[in-house]
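# Structural overview for review
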Amino acid sequence: MKKPSKLNVRGTTLAETLVGFLLLATFFASVFELNAVCLRYIDATKESVAALQHVQDRAEMLRNLSFADLTSTSSVQTLMAAAPNAAPFAQKAVETVTISAFPTPNGVTKFTRTAAGTVTTDSVATDLGKGLVKVDVQVAWTMTLGGRLRTEQTTNILSNGSKK
Amino acid sequence: MKLKTTTSRLAFTLAETMIALSASSVLLGATLTSSTALQKSFNAIDTYFATHMQQIRIVDYLSRDVKRGLVVTTSADLQTVTITVPNYIIQAGDPEAVANPDLVGTPRNPTMTYTPSGVQVNYGAANSTVVYSINGVSILRTENGNVTTIASSTDQLVPQTTDVELANTEYAKTSITFQPIFTSGGTTAERTGTTVYSTAYLRNKRRG
């Protein structure tokens, strides 16, 4: 009589199972990381928009000054003590305003506002003229995504005159 | 007669089956939960970004109208803004267009009048009225009765504008918020975190 042979039934080994788990874990880790990157990009976009609004709002405030105030160091320094809007972005950004006569500069008046809200006058122009000035507004901040330094800037040419 | 022997076939024991069932349930549960969470998260990101873009569009529209306006008035609840805008462009039916139809769509030449406070620039006697308002989930811009939907979102977009009068001018401060899809009990902080701020000054002297 022939003894019935043992059926050759094989399951997965522990090593195979562990490799399977590892692959699955890697896949999910990748997808979750992708999701996290999307969230960080959203945050970076919000920062960029806030920076853009910050610069535009400051430019609006400066262009609304009378020409005498715009060319007065103390007036601009006082104006810059207040953040241009209520966004929390102002608490992490360094703002620089540069004013010079246009088209031919004769020195540069430069102000810096720190994230804490302290305004310093870095330089004063020899003469800002009586007709046109060039006003640069720049804001710099450290990006949440990647910790990179980013800047946003705008330039306006403002003339002496009043609203009509 | 010899009885036939049963074939020795191996099967899973109850314990093995139960363990396998538990492990696969955990795995399947984790997979389903993860994929659902990820889909929700991606959907929320997509919606958040789309609504954020709408916030920027509202700011653009409103700032443009405020800058070219003569007077800005906001309602008590800060959610309706009325702006009086000069008719800078000659339109069909205007006296200039009746006299010369080719002038439709061209800039109107302003006239200057001398007032005790100085020269005043005028663009015709008639002005346009632009109204920004909320209607359900939409933000509407109505110019002389013509309605344009400038933003629409189920995320409860709420623009709030304050007009501040100065000596000869006026400015409008606007903040726009929305309620993101993901909330924890709808607390205020989550809406506050979506705020976009904007400030726009009149380019004209305020009249009114």
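## Structural notes on the interface of chain A and chain B
Every contact between the two is made by 28 residues of chain A and, on the other side, 33 residues of chain B. Note on chain A versus chain B: buried area summed over both sides is about 2,900 Å², and carbon and sulfur give 66% of it. By the criterion of area lost to chain B, the three top residues of chain A are A:Glu60, A:Lys163 and A:Lys164, representing 24% of everything that side buries. Between chain A and chain B we count 2 salt bridges in total. Linking B:Lys67 and A:Glu60 is a salt bridge whose minimum nitrogen-to-oxygen distance equals 4.0 Å. Taken together, the connections running from chain A to chain B amount to 7 residue pairs in polar contact (both at pLDDT 80 or more).

## A short note on the sheet that holds strand β10 (residues 196-201) of chain B
Residue and element names in this part refer to chain B. Overall, antiparallel pairing links the 3 strands, which are arranged β8-β9-β10 in an open sheet. Edge strands, defined here as strands with exactly one partner in the open sheet, are β8 (158-165) and β10. Neighbour-to-neighbour, the strand axes of this sheet turn through a mean angle of 15°, independent of strand direction. The pairing of strand β9 (residues 170-177) with β10 spans 6 bridges and is antiparallel. Counted as the bridge partner of Ser175 is Tyr197 from β10. Where helix α1 (residues 14-67) meets the sheet, it contacts β8, β9 and β10, and its direction lies at approximately 10° from that of β10.

## Here's the deal with empty space enclosed by the protein
Gaps between atoms show up when a probe of the same size as a water molecule is rolled over them. Residue and element names in this part refer to chain B. Within the structure shown, the criterion is met by 2 cavities of 30 Å³ or more. Its volume calculated, the largest cavity comes out at about 60 Å³. Those elements that place two or more of their residues in the lining of the largest cavity are α1, β5 (127-135) and β8. Top contributing element to the lining of the largest cavity by residue count: β5, with 3 residues. Looking at side-chain class alone, the lining of the largest cavity contains 8 nonpolar, 3 polar and no charged residues. Volume-wise, the second largest cavity comes out at about 40 Å³. Lining the second largest cavity are Val59, Leu62, Ser63, Val66, Ala172, Thr174, Ser198, Thr199 and Ala200. Of all elements in the fold, only α1, β9 and β10 reach the threshold of two or more residues within the lining of the second largest cavity. Looking at the lining of the second largest cavity residue by residue, the class counts come to 5 nonpolar, 4 polar and no charged.

## Quick notes on the packing of helix α1 (residues 14-63) of chain A against α1(B)
Two elements in contact, α1(A) and α1(B), have axes separated by 11 Å at closest approach and are oriented at 10°. By the angle between their directions, the pair α1(A) and α1(B) is classed as roughly parallel. Crossing angle aside, the handedness with which α1(A) passes α1(B) is left-handed. Along the lines of polarity and charge, the residues of the contact of α1(A) with α1(B) split into 18 nonpolar, 7 polar and 3 charged.

## Focus: the environment of B:Ile90
With respect to the element layout, B:Ile90 can be found in the loop between β2 (81-86) and α2 (95-99). Distance from B:Ile90 to B:Thr154, taken between C-alpha atoms, is 38 Å for residues 64 residues apart in sequence.

Criteria and cut-off values
Residue numbering note: each chain is counted from 1, following its sequence as written. Think of it this way: whatever chain is written first is A, whatever ligand is written first is 1, and the rest follow in order. Under the rules for a predicted model, residues below a pLDDT of 70 receive no local features and side-chain atom pairs below 80 are neither given nor counted, while totals for whole chains, interfaces and linings still include all residues. As a rule here, side-chain values come from all non-hydrogen atoms in the structure, and water together with hydrogens is ignored. Any two residues having at least one pair of non-hydrogen atoms within 4.5 Å are treated as being in contact. What counts as buried area is the accessible surface, traced by a 1.4 Å probe, that two parts surrender upon association, with contributions from both included. Any carboxyl oxygen of Asp or Glu that lies within 4 Å of a side-chain nitrogen of Lys or Arg is treated as forming a salt bridge with it. Nitrogen and oxygen atoms within 3.5 Å of one another constitute a polar contact, given that in protein one can donate a hydrogen and the other can accept it, and given that sequence-neighbouring residues count only through two side-chain atoms. Pairing between two strands is assigned when DSSP locates at least 2 bridges connecting them. By the criteria applied, helices consist of DSSP H or I runs no shorter than four residues and strands consist of E runs no shorter than two, each listed in order from the N terminus. Helix axes use the C-alpha atoms of the stretch in contact, all axes being lines fitted to C-alpha atoms, and the angles between their N-to-C directions lie in the range 0 to 180 degrees. Detection works on a 1 Å grid of protein atoms alone, calling trapped sets that fit a 1.4 Å probe cavities and calling open sets with protein on both sides within 12 Å along at least five of seven lines pockets, with lining residues defined by an atom within 4 Å of a point. Grid points are joined across faces, edges and corners, and a volume is the space filled by probe spheres set on the points. In this classification, Asp, Glu, Lys and Arg are treated as charged, Ala, Val, Leu, Ile, Met, Phe, Trp, Tyr, Cys and Pro as nonpolar, and every other residue, Gly included, as polar. The scheme is simple: roughly parallel for angles under 35 degrees, roughly antiparallel for over 145, roughly perpendicular for 65 to 115, oblique for anything else. Note: crossing handedness is left-handed where the near helix turns anticlockwise from the far helix by less than a right angle, and right-handed where it turns clockwise.

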